[in-house]
Amino acid sequence: MANTNTNTNFDRDTLRELADEGNEAAAERLADLADAAGDLGELSELLDEGCMHAGFLLTRRATGNGDLRELQRISDAGYDEAGIELARLLKAPVDGLGDDGFDRLL
C-alpha cells in the first residue's frame with residue numbers, strides 16, 4: 001500500500017533549484033511561502049522570472065492597498081490581470097464626484 005503521508009515541508013533551496021530549472025509548481029510553492037512571509041522582494045523576483053502565481057499574489061496585495069504604481073509595475077512585468085485591476089480602480093467614482101467625474105454640487 002502506498003504511503004499517503006508525504007512530507008510537504010520542502011526547503012527553500014530545493015524549491016529554488018527546481019524553479020530555476022523551470023518547474024512551475026516549485027515556483028508557485030515559493031511564491032506561496034514568500035506571500036505568507038510578506039516577502040514582496042521574492043514575490044517580485046518570481047514574477048520577473050515568469051511566475052504568474054506571484055503576479056496574482058502581488059496584484060491581490062496591491063489592489064487591497066490601492067497601490068496604483070505597483071499595479072502598473074506588475075502589469076508591465078507581464079501579469080495582465082494587474083492592468084485590469086488598475087483600470088478598474090482608475091474608473092471607480094471619486095468620493096464627492098459623479099460617475100462622470102464632475103462634481104454634482106456645482
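Owing to the predicted nature of the structure, the values given are computational and were not obtained by experimental measurement.

A. Spotlight on a negative patch on the surface. A contiguous patch of negative charge on the surface is contributed by Asp11, Asp13, Glu17 and Glu21. Mapping aspartate 13 onto the fold places it in helix H1 (residues 12-20). For aspartate 13, a relative accessible area of 58% translates into the label exposed.

B. Inspection of helix H5 (residues 68-76) at higher detail. Of the positions making up H5, those classed as buried are Leu71, Ile74 and Ser75. For H5, the buried positions fall inside an angular range of 100° around the axis, keeping them on one side. The exposed set on the far side of H5, more than 90 degrees from its buried face, consists of Arg69 and Asp76. Elements in contact with the buried residues of H5: helix H3 (40-48), helix H4 (52-65) and helix H6 (80-91). Between a side-chain oxygen at the N-terminus of H5 and the backbone nitrogen of arginine 69 the separation is 3.4 Å; the capping residue is aspartate 67. Immediately beyond the C-terminal end of H5, within one or two residues, lies glycine 78, with a positive phi of roughly 115°.

C. Spotlight on the pattern of salt bridges. Counted under the stated rule, the structure contains nine salt bridges. Here arginine 16 ties to glutamate 49 by a salt bridge, and the two come within 2.8 Å at their closest N and O atoms. Linking arginine 16 in helix H1 with glutamate 49 in the loop between H3 and H4, this pair joins segments that are 33 residues apart in sequence. On the basis of relative accessible area, glutamate 49 is assigned to the partly exposed category, the value being 45%. Put simply, arginine 61 and aspartate 35 hold a salt bridge, and the shortest N to O gap is 2.8 Å. Of the two residues, arginine 61 is situated in helix H4 and aspartate 35 in helix H2 (residues 24-37); the sequence distance between them amounts to 26 residues. Judged by its relative accessible area of 13%, aspartate 35 falls in the buried class. If you follow the salt bridges from partner to partner, you end up with Arg16, Asp20, Glu45 and Glu49 in one network.

D. The arrangement of H2 in detail. Spanning 14 residues, H2 covers 20 Å between terminal C-alpha atoms, matching the ideal 20 Å at 1.5 Å per step. What H2 keeps buried is the set Ala26, Ala27, Leu30, Ala31, Ala34 and Asp35. Contacts made by the buried residues of H2 are with H1, H3 and H4. Capping of H2 at its N-terminal end is provided by asparagine 23; its side-chain oxygen lies 3.0 Å from the backbone amide nitrogen of alanine 25. Note on H2: the residue one or two positions beyond its end, glycine 38, has a positive phi of about 70°.

E. Fine view of the side chain of arginine 16. Taking the relative accessible area as the measure of exposure, arginine 16 reaches 18% and is therefore buried. Excluding anything up to four places from it in sequence, arginine 16 contacts Leu30, Glu45, Leu46 and Glu49.

F. Quick look at the nonpolar core. Ala31, Leu43, Leu46, Leu47, Cys51, Ala54 and Ile74 are the most contacted members of the largest nonpolar core, which has 20 residues in total. Listing elements by their share of this core, those giving two or more residues are H1, H2, H3, H4, H5 and H6. Take this core: its biggest share by element is five residues, from H2. Excluding residues that lie within four positions of it along the chain, leucine 47 makes contacts with Met52, Ala54, Gly55, Leu58, Arg73, Ile74, Ala77 and Tyr79.

Reading the values: the criteria
Residues numbered from 1 in each chain as written. Predicted model: local features only at pLDDT ≥ 70, side-chain atom pairs only at ≥ 80, totals over all residues. Heavy atoms only, no water. Patch = residues over 30% accessible without salt bridge, like charges linked within 9 Å, V, L, I, M, F, W, Y side chains within 5 Å. Areas by Shrake-Rupley, 256 points an atom, 1.4 Å probe, with all protein chains shown as cover. Salt bridge = Lys/Arg side-chain N within 4 Å of Asp/Glu carboxyl O. Lys, Arg positive; Asp, Glu negative; His and termini not counted. Charge placed at Lys NZ, Arg CZ, Asp CG, Glu CD. Helix = DSSP H or I, 4+ residues; strand = E, 2+ residues; numbered from the N terminus. Buried < 20%, exposed > 50% of the residue type's maximum accessible area, 1.4 Å probe, protein only. Arc of directions from axis to C-beta. Contact = heavy atoms within 4.5 Å. Polar contact = N/O pair within 3.5 Å; in protein donor to acceptor, adjacent residues only side chain to side chain. Expected span 1.5 Å × (residues − 1). Core = buried A, V, L, I, M, F, W, Y, C linked by side-chain atoms within 4.5 Å.

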